[in-house]
Amino acid sequence: MERPDPDELLDKLQRDEARQQRGHLKVFFGACAGVGKTYAMLLAARKLHDEGGDVVVGIVETHGREETARLLDGLESIAPRQVDYRGRRMSEFDLDATLARHPAVVLIDELAHSNLPGSRHLKRWQDVEELLGAGIDVYTTVNVQHLERLNDVVGQITGIRVWETVPDRVFDLADEVKLVDLPPEELVERLREGKVYLPHQAENAIRNFFRKGNLIALRELALRRTADRVDAQMREYRADQSISRVWQARERLLVCVGPGPEAATLVRAAARLAASLKADWLAVYVETPRLQRLPASRRGPAIRALKLAQELGAETTALDGADVAATLLGYAQVRNVSKLVLGASSVRRRWQFWRKSLSEQLAQRSTESDVYVIRRDLEHAPETPRMEAGAESGLFGEMPQARWGSPLRAYGWAAAACGAMTLVAATLVPFLDLSNVVMLYLLCVILAALRLGRGPSVLISFLSVMAFDFFFVPPKLSFSVSDTQYLLTFAVMLTVALVTSHLTTSLHLQARVATWRERRTAAMYAMARELAAALTTAQILEIGERHVREVFQARVAVLLPDSAGKVRQPVEDADPAHLPAHLDEDVAQWVYDQQKPAGMGTDTLPAADALYVPLRAPMRTRGVLALAPQNARQLAVPEQQRLLDTFAAQIALALERVHYVEIAQDALVNMESERLRNSLLSAISHDLRTPLTAIVGFASMLARDEHLPNQTRAELIDALHEEALRMNGLVTNLLDMARLQAGGVPLNKQWQMLEEVIGTALRACRLPLAGHHVKVMLAPGLPLLNFDAVLLERLFTNLLENAAKYTPPGSSIDIDVRRDGDQVLATITDNGPGLPPGMETRVFDKFTRGETESAKPGVGLGLAICRAIAEAHGGKIKAENLAGRGARFILSLPIEPMPAEMDVAAWPGELPAESQSPASEHE
C-alpha cells in the first residue's frame, strides 16, 4: 500500500464528518412495480424494530396487498396530513410531524412521488433530503424507470413515458442500496394471482407495460445501475485505502443543447455518457443572432434542457456568438473539455445541402477534443409540455422588442414607407439618375431594418424593386422592361437590399442585446465596488437591496439572523414600498436552516409570492435574500438565476467581511484592555507594595519598642507620613484618571493668576525637588486665566515630580511662563537625560513610562492625567527633546475674554520679569 495523500486524507475526514451528521439513506431498488420493494423494506424495518430500534412509518402504500399490510402491525405510524385537492379530501405525508417526532428511522415509500399542491416541496425525495439533513435515517423505495438519467431509455423500451423522476444524485448519495430482484416469469405469475394489481388491471398490465421483453430489459437496467454503484464504491474504497493512485486528470464533457424538442433527450444521453466515463460535464446553449429572433416558445426547450442538466449534476451556461462551432471550441479550450457531445437528426434538410452541419464543422476544426454525435430524429422526439407561466423569457431576461407593436402593423408601416419613398423619388427624378433612385430605395430598406425588423425590411426590399420597375423604368406604369439590362439591375438591387436588411437587423439586434447585457454587468460591477467600500452591515444591506431591486425589477428584503439563529424581518424604518408584500418568516427560516432556495420558481413552496435565496458565505450562511419580482420571467432562466446567485454571494461575502472586521476590532480592544490591565496590576503590585511594606515595618518598630528615643520615634513617624502620602498620591492619580476619562470631574473654573498655582505646586513638591535647582521666570503683563486651580495644581505637581524623578540630583529645572498671542505658554525644562527617541507623543499614553526599566516608582499615569486636565481646559500639552541634553514640556492654555463686570483694578497691573520665591530653588 502507498502512503496516503494528506489532501485526500483530509477530504475523507471531512466527508466522514459530514456523513456522520447526516441521516443514512437506504434505498430498496427494483426493476418495476411488484418485485417486492415495499415488502422487503417492511421486513427490514420489523427486524430493526424487534431489536429495539426507534422505527416509525412515515407513509407506505400497500395497494391492497394483505401480506404487505400485515407487516405494518405493531409499527408506530405518523398520521397523514389531509389536503383538499379538486374537491376531494386526500392524504399526504406529514413532514413537519415527522421532524417533530424525530425518530431514528422513518419509512418513506415511493421516493419519486409528486406531492400535492400546497406542500412545502414538489417532490417526496425533497422531503427525504430534509429528513436526512435533520439527522433522521430513511428507508425508501424506487424503481429504475424513475431515475432521471434512464427515464428516456425506459420510455423507448416500454413505449410509456414516466413523468415522476428522481435525480440520480439522490440515488448516488444513498448510503445503502438493496436490489430487490425477481425473475420476469415469477413477476408475471404474481400479476396473474392478483398480488400486484386487481385481476382486471393485471391482465391489461401484462399486455402492455409488463410484457416479458420489457421486464427483461428493465431488469438488466436495474442490475447495471446497481453494478455501477458497486463499482463506484470499490473505487472509493481503493482511493481511501491508497491501494492505487487516483487519476491526476479527469475527462470533461461538454454537451451543446439547442432549441429543438430533442434537447432533453440529448441531455440525458450526455448524463449517461458522463456517468459511464466518471467525468464532469457541462451543458452549453449558444445563442446566435438567428436564435435570438426566435419567439420565447421556440426557445423554451433549450431553457428546460439547461434546467434538467443542472438537476442531473451539470454545470450550465449560456454563450453568445455568431459562429456556434467557434464559440463552442473556444469555450471548450478554456474549460479543458476532452469530449464534445451534440445531437443530430438523421433527416438532412434539402436547403442545407451546401452547408456543413455543426458536427462536421466541429470534427474539422477540433484538434484536441473528441466529437460525439448522438442521432435523435425530430419526428420521434418526445413531445414537451407547454412552457410554464413565467418561463417564456430569453436566456438573458426580457429581450429588447420592436417598438412598432404587432407584426401586421409593422408590415403596414413598411408598405407606407415604400410609398412615401416613391413619392419622394418621383419628385426628385427630374434631377437624379435612376441609379440614385435605387440608392433612395436602399436607404428606405436600411431605415426599415433598423426600425421595423427583419420581416418588414424584406417586404420593403421586394416592394422597392417593384416600385422602381413600375414607376421609373421605361415603359413607366408597367412591369414590362424595354431593356433587358434592367433585369440585372433588379436582381442586384434585390440582392443588395436583402443582404443589407439582414446585416442591419442582425447588427442592430446584437447591439441592443449587448447594450442591455452591458448595463447588467455594469450594475453588478457597481454593486461589487460599493460593497467593497461598505464598512457597516446597514450600508451593505442598503447597497445590496438597491442593486438587486434595480436589476431584477423586484421588491427586495434581506433577513439577518439574531444571536439565536432566528431570521428577522427588515428594520422598522425600511420603506414598505421596497419590501415584498407577503414576507414569510417561516419560509425564510427554512431557507436559512437548509441553505437551499425556496419559493417562486423553485421546487420548494413554488406557490410563494417571493423567492428566498440563502446568503451563503465561505464560513456560514449570513442571512436570506427575499425578492418578489414584478415579472416572474425575470427569474425563470439559468442565466438570470446565476446572476442572482452572484449578487447573493457578493452580499454574503460583504456581510462576512464586516462580521470578521468587527471581531478583529473587538479582539484588538480586548488585547489592549488586557495589556492595560496587566500594566496596571504590575505597576500597582510594585508601587503599592513598596510604601505598604515601609509603613508596616515602621509601624511594627513603633509598636514593639516602647523605649525608642524621641528623635528616632519622630523620624519613624515622619517616614510613615511620607510613605502614606506617597501611596495616597498613587491612589489619587488612579482615581483622577478614572474620573477624567469618565467625564465625571466638574471644573470649578475661576479667574485667577497662573503664578499662584505654580507656587502652590512648588510647595507641594518641596521634598521631591530637594537637591534640584528650580528657577521660575514669569513674563510681565500675564493676563488672568479662567481655570480650575485644584486641577492645574495637580498638572504642575505631576510635571515637577516627573522632572525630579527622571533627572539626577543637582540638575536644573526651569519654569517659564509667557504670553503667545491668544494663549499662555508654560514651559518646564530640565537638563536630564531627556526622553527616549520616538516617545515624545507616546509618553502621554496611559501606563507608559519614559524608561523601560522599572526602577523608578510610578504606574505611568502622571503625564496622561496632565494631558486630560489640559484638554479639559481647552488647552494642549506636548513634550520634546532639547538639542543638547534634557527634555521640555510645553503647556498651552487659552486666554478667554474677561467679563466686563470684573474689577480689573483690584489685581496688580504688572509682575516682575523674573521672580524667585523662597521655594523656587532648592539645594
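As a reminder, the structure under discussion sits directly above these lines.
Rules behind the numbers
Residues numbered from 1 in each chain as written. Predicted model: local features only at pLDDT ≥ 70, side-chain atom pairs only at ≥ 80, totals over all residues. Heavy atoms only, no water. Salt bridge = Lys/Arg side-chain N within 4 Å of Asp/Glu carboxyl O. Helix = DSSP H or I, 4+ residues; strand = E, 2+ residues; numbered from the N terminus. Buried < 20%, exposed > 50% of the residue type's maximum accessible area, 1.4 Å probe, protein only. Core = buried A, V, L, I, M, F, W, Y, C linked by side-chain atoms within 4.5 Å. Phe/Tyr/Trp six-rings, centres within 6.5 Å; stacked < 30°, edge-to-face > 60°.

**Describing the pattern of salt bridges**
Stage number 1. The full count for this structure, using the stated rule, is 26 salt bridges.
Stage number 2. Note that Asp168 is salt-bridged to Arg149, the shortest N-O span being 3.8 Å. Remark: Arg149 occurs in the loop between strand S7 (137-143) and helix H6 (151-158) and Asp168 occurs in helix H7 (residues 168-172); sequence separation between them is 19 residues. This pair shows no difference in class: Asp168 is buried, exactly as Arg149 is.
Stage number 3. Put simply, Arg818 and Asp816 hold a salt bridge, and the shortest N to O gap is 2.7 Å.
Stage number 4. Classification of Arg818 as partly exposed rests on a relative accessible area of 40%.
Stage number 5. Ionic contacts of the salt-bridge type, sharing partners, join the residues Arg149, Asp168, Asp172 and Arg225 into one network.

**Some thoughts on the nonpolar core**
Stage number 1. Membership of the largest hydrophobic core comes to 57 residues, with the highest contact counts inside it found for Phe29 and Leu107.
Stage number 2. Among the elements that line this core, the one with the most residues is helix H2 (residues 37-50), at 5 residues.
Stage number 3. Counting 42 residues, the second largest nonpolar core, distinct from the first, contains Leu754, Val776, Phe787 and Ala870.

**Some thoughts on unusual backbone geometry**
Across residues other than glycine, the phi torsion is negative in most instances, and most of the peptide bonds are trans.
Stage number 1. Within the chain, Glu110 stands out as a residue other than glycine whose phi angle is a positive 55°.
Stage number 2. Of note, Glu110 is situated in the loop between strand S6 (105-108) and helix H5 (124-133).
Stage number 3. Residue class for Glu110 comes out partly exposed when judged on its relative accessible area of 29%.
Stage number 4. Non-glycine residue Gln553 carries a positive phi angle of around 50°.
Stage number 5. A relative accessible area of 41% means that Gln553 is categorised as partly exposed.

**Structural notes on the packing of aromatic side chains**
Any aromatic ring pair is given by two values, namely how distant the centres are and how the planes are angled relative to each other.
Stage number 1. Across all of its chains, the model carries 4 aromatic pairs by this definition.
Stage number 2. Aromatic side chains Phe552 and Phe647 sit 5.9 Å apart centroid to centroid with 85° between the ring planes, which places their arrangement in the edge-to-face category. Taken together, the residues Phe552 in helix H20 (residues 537-552) and Phe647 in helix H22 (residues 638-687) connect sequence positions 95 residues apart.
Stage number 3. By relative accessible area, Phe647 is classed as buried at 0%.
Stage number 4. Ring centres of Phe844 and Phe889 lie 6.2 Å apart, and the angle between their planes is 80°; on these two criteria the pair is classed as edge-to-face. Here the residue Phe844 occupies a position in the loop between strand S23 (823-830) and helix H27 (862-872), and Phe889 occupies one in strand S25 (residues 887-894), the gap between them amounting to 45 residues. Considered together, Phe844 and Phe889 belong to a single accessibility category, that of buried residues.

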